Amino acid sequence: EYVPAASSAIGDQAAALAMSFLGVPYVYGGASPSGFDCSGFTLYIYKQFGYNLSHSASAQWANSGVFVERSELQPGDLVMFCDPSRSNGKACSHVGIYIGNGEFIHASSGSGGKQVKISSLNKDYYNKYYKGAKRIG
């Protein structure tokens, strides 16, 4: 029988904490409030709750949490993307934190400002390259 993954109080807290960093600049290799890259951002947020994630979107996909169906997403879930033109053959090219209502927060190196921002999972690019989600905690 199918049992949905339990909702995570840590997920709500992680999403709320992530929101407090909106506008922080994107810095390649960054994992601190002075600047984040995508996996550095998710690593930093979850470190505040006692979880140690790898500084790599592909490693977070492989080694963190439990898989969650897109229809079951909850705030705090890691959402992963794989754009083959950017992944260099790795499993993932990007990671963010789901915040609800089809939106996620991420350290973006893309158009519209290299910074921590909110994007829609349903936007063409993110919808096309969506790979899956993992629940931490």
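Use the structure listed above.
Small disclaimer: the values here were computed from a predicted structure and weren't measured.

Undergrad: Is there a simple way to explain unusual backbone geometry in this structure?
TA: Outside of glycine, negative phi angles account for most residues, and trans bonds account for most peptide bonds. Even without being glycine, Asn88 reaches a positive phi, approximately 50°. Structurally, the position occupied by Asn88 is in the loop between helix H4 (84-87) and strand E5 (94-100).

Undergrad: Explain the pairing of strand E7 (residues 115-120) here, please?
TA: Looking along a regular strand, one sees the side chains alternate between the two faces of the sheet. Bridge count between strand E6 (residues 103-108) and E7: six bridges; the pairing is antiparallel. Considered in E7, the bridge of His106 is made with Lys117. Count of turn residues in the E6/E7 antiparallel hairpin: six residues, of which Gly112 carries a positive phi of about 85°.

Undergrad: Is there a simple way to think about the sheet that holds E5 in this case?
TA: As a general point, the strands of a sheet are linked pairwise by backbone hydrogen bonds and lie either parallel or antiparallel. Taking strand neighbours across the sheet as the criterion, the six strands line up as E3-E8-E4-E5-E6-E7 in an open arrangement whose pairing is antiparallel. Edge strands, defined here as strands with exactly one partner in the open sheet, are strand E3 (66-68) and E7. The average undirected angle you get between the axes of adjacent strands in this sheet is 35°.

Undergrad: Sorry, what's going on with the packing of helix H1 (residues 9-19) against helix H2 (residues 38-47) here?
TA: In helix packing, the relevant descriptors are the interaxial angle and the interaxial distance, both defined with respect to the helix axes. The interhelical angle for the contact between H1 and H2, taken along N-to-C directions, is 125°, at an axis separation of 10 Å. When the axes of H1 and H2 are compared, the pair comes out oblique. Handedness of the crossing formed by H1 with H2: right-handed. Of the residues in H2, those touching H1 at Ile10, Gly11, Ala14, Leu17 and Ala18 are Phe41, Ile45 and Tyr46. Class assignment of the residues belonging to the contact of H1 with H2 gives a composition of seven nonpolar, one polar and no charged.

Undergrad: Hey, could you run me through the packing of aromatic side chains in this one?
TA: In this description, a pair of aromatic rings is defined by centroid distance and the angle of the planes. With the rule as written, the count across this model stands at 13 aromatic pairs. Ring centres of Phe21 and Phe36 lie 5.6 Å apart, and the angle between their planes is 80°; on these two criteria the pair is classed as edge-to-face. Here Phe36 lies in strand E2 (residues 35-36) and Phe21 lies in the loop between H1 and strand E1 (31-32), a separation of 15 residues in the sequence. For the residue pair Phe21 and Phe36, the accessibility class agrees, reading buried in each case. Look at Phe81 and Tyr126: their rings are 5.2 Å apart centre to centre, the planes differ by 65°, and that puts the pair in the edge-to-face class. Highlighted residues: Phe81 in strand E4 (residues 78-81) and Tyr126 in helix H5 (residues 124-129), separated in sequence by 45 residues. When sorted by exposure, Phe81 lands in the same class as Tyr126, which is buried. Grouping aromatic residues by their ring pairs yields a cluster made of Phe81, Phe104, Tyr125, Tyr126, Tyr129 and Tyr130. Over the ring of Tyr130 we find Arg70, and its NZ or CZ is 4.5 Å from the ring centre.

Undergrad: Whenever I open this one, the environment of Gly110 confuses me. Can you help?
TA: Counting through the fold element by element, Gly110 comes out in the loop between E6 and E7. C-alpha of Gly110 to C-alpha of Gly30: the two residues are 80 residues apart in sequence and 16 Å apart in space.

Basis of the calculations
- Residues numbered from 1 in each chain as written.
- Predicted model: local features only at pLDDT ≥ 70, side-chain atom pairs only at ≥ 80, totals over all residues.
- Heavy atoms only, no water.
- Helix = DSSP H or I, 4+ residues; strand = E, 2+ residues; numbered from the N terminus.
- Pairing = 2+ DSSP bridges.
- Axes fitted to C-alpha atoms, helices over the stretch in contact; angles between N-to-C directions.
- Parallel < 35°, antiparallel > 145°, perpendicular 65-115°, else oblique.
- Left-handed = near helix turned anticlockwise from the far one by under 90°.
- Contact = heavy atoms within 4.5 Å.
- Nonpolar A, V, L, I, M, F, W, Y, C, P; charged D, E, K, R; others polar.
- Phe/Tyr/Trp six-rings, centres within 6.5 Å; stacked < 30°, edge-to-face > 60°.
- Buried < 20%, exposed > 50% of the residue type's maximum accessible area, 1.4 Å probe, protein only.
- Lys NZ or Arg CZ within 6 Å of the ring centre and 35° of its normal.

Geometric descriptors of this kind do not, in isolation, establish any biological role.
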